[in-house]
Amino acid sequence: MPVLTHQQLRTLLEHHLVRVNTPQEIARQVADNLVEASLKGHDSHGVTLLPRYISAILAGDLQPAAQLRLIRDAGPLLSFHGGRGFGQVLGRQAMSAGIERARQSGVALVSLADSHHLGRIGAWAEQVAAAGLVSIHFANVAAPSAVLPFEGRHPRLGTNPFCVGVPVSGRAPVILDFATSAIAGNKARIAWNEGRAIPPGCAVDAQGNPTTDPRWLMEEPRGALLAFGGHKGAGLSLICSLLGAALTGGETESHQIPPRQGIINNMLSIIFDPLRLGAGENYAREVIAQLDWMQHDQQGHDVLLPGEPEARAWQQRLENGIYVDEVSWKQFEALEL
Ligand code: NAD
């Protein structure tokens, strides 16, 4: 069972990315982002994506040197096209531009179309929160639809992630970041690699029967994922498609996109300065009060806040290393051939 340190994984990823013509600095940023996702406990969006990214480059679905292209700059509005470059780089650049604009105007609306995989969307909310700003992100996945609409029988939605980041003075930010499917598609991949079942209530087989076997999400004939929370999650997924893709100039799931190696994301981000709305001290006080109220009860039973599981995993994995599942490790070894 391979367990590696984060430094070993950074070096390994960078090495393989450079071998397939990724510029060194871009390879470094991609490796950092994937290792951070693994450190934060999201193996689904971490280092195990490397073989898929390399296949995407070799298939021409991912342009390893592509840079962010500014399409429109109008006051608080910034529109970017990603040219199917690494989302790890484009996402960071787009958020930096949004942060700068939100500092000037109080708010920025940033669209990013046609990016290769943006990975863990929480990384973008964390970047914005570190600048003291709130952000809301709607993203779609322009890939063959994998998720059923509520009470639907055929997949029509992506696993479309939604994310909100709220900075908290003197504390870690609140980062709510999830796929609108009951589990992220890549979590089914990790379960499949590890020979585990997925939780009940997340997927159906090709006949529409409930299943916990991830094979139905990995091989033909395919089943589908369910949205989280019934009609609510399916509705939010649709909004991610409408705002994340239609509004940004990206592809919605309606294109009936054929299977491909690349994973294309489109994303709309709303970034704003919470101190510019005038709530001032009330805002700071109420945020802390609500977080404390939610987290602790009087019997000493504490619950986690969004963002805390990732912070705990980070601490634990920084010390003990990152486990890479056997299937992914064999794929890594095959990259050397
Ligand atoms: P998840 O189900 O693990 O939920 C994660 C969120 O819930 C986090 O905000 C976390 O802090 C919070 N959380 C988890 N356990 C908690 C607890 N016990 N108490 C309180 N809060 C808790 O996430 P997921 O749906 O599996 O998504 C995983 C990742 O996949 C996310 O980072 C998401 O952005 C990413 N994703 C990316 C894409 C893409 O195409 N780029 C698509 C889907 C998902």
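Everything that follows concerns the structure shown earlier in this document.
Bear in mind that the values here come from a model prediction, so they are computed numbers and not experimental data.

Caption draft 1: Structural detail: the site of the ligand. By nearness alone, 22 residues border the ligand, and I175, D177, K187, G307 and E310 come closest of all. In this structure, a nitrogen atom belonging to the ligand sits 3.0 Å away from a main-chain N or O atom of G119. A distance of 2.7 Å separates an oxygen atom of the ligand from a polar atom in the side chain of E310. For the ligand, whose free accessible area comes to 860 Å², the fraction covered by protein is 79%. Listing elements by their share of the shell around the ligand, those giving two or more residues are β7 (171-179) and α10 (308-320). With five residues, the top contributor of residues to the shell around the ligand is β7.

Caption draft 2: Structural view of the sheet that holds strand β2 (residues 69-74). If you trace the seven strands from one edge of the open sheet to the other, you get β2-β3-β4-β11-β5-β6-β7, paired in mixed fashion. Where the open sheet ends on each side, the last strands, each with one partner, are β2 and β7. Across this sheet, the average inter-strand angle for adjacent strands is 10°, counted without regard to direction. Alignment of strand β3 (residues 77-81) against strand β4 (residues 107-116), held across five bridges, turns out to be parallel. Considered in β4, the bridge of L78 is made with V110.

Caption draft 3: Expanded view of the pairing of β3. Alignment of β2 against β3, held across five bridges, turns out to be antiparallel. Residue L70 lies in a different strand from β3, and its bridge partner there is F80. Connecting the antiparallel pair β2 and β3 is a turn made up of two residues, with G75 showing a positive phi of about 60°. The parallel pair β3 and β4, bridged by helix α4 (residues 87-105), forms a crossover whose chirality is right-handed.

Caption draft 4: Summary view of the pattern of salt bridges. Counted under the stated rule, the structure contains 14 salt bridges. Here D114 and R84 are joined by a salt bridge, their closest N and O atoms 3.0 Å apart. Of this pair, D114 sits in strand β4 while R84 sits in the loop between β3 and α4, placing them 30 residues apart in sequence. Judged by relative accessible area, D114 falls into the buried class, the value being 18%. Here the salt bridges share partners, and the residues they tie into one network are R10, E25, R28, D32 and E36.

Caption draft 5: Examining the side chain of H16 more closely. Its place among the elements puts H16 in helix α1 (residues 6-19). With residues up to four places along the chain from it excluded, the contact list for H16 reads L50, I54, F332, L335 and E336.

Reading the values: the criteria
Residues numbered from 1 in each chain as written. Predicted model: local features only at pLDDT ≥ 70, side-chain atom pairs only at ≥ 80, totals over all residues. Heavy atoms only, no water. Near = heavy atom within 4 Å. Polar contact = N/O pair within 3.5 Å; in protein donor to acceptor, adjacent residues only side chain to side chain. Areas by Shrake-Rupley, 256 points an atom, 1.4 Å probe, with all protein chains shown as cover. Helix = DSSP H or I, 4+ residues; strand = E, 2+ residues; numbered from the N terminus. Pairing = 2+ DSSP bridges. Axes fitted to C-alpha atoms, helices over the stretch in contact; angles between N-to-C directions. Right-handed = clockwise from strand over helix to strand, strands pointing away. Salt bridge = Lys/Arg side-chain N within 4 Å of Asp/Glu carboxyl O. Buried < 20%, exposed > 50% of the residue type's maximum accessible area, 1.4 Å probe, protein only. Contact = heavy atoms within 4.5 Å.

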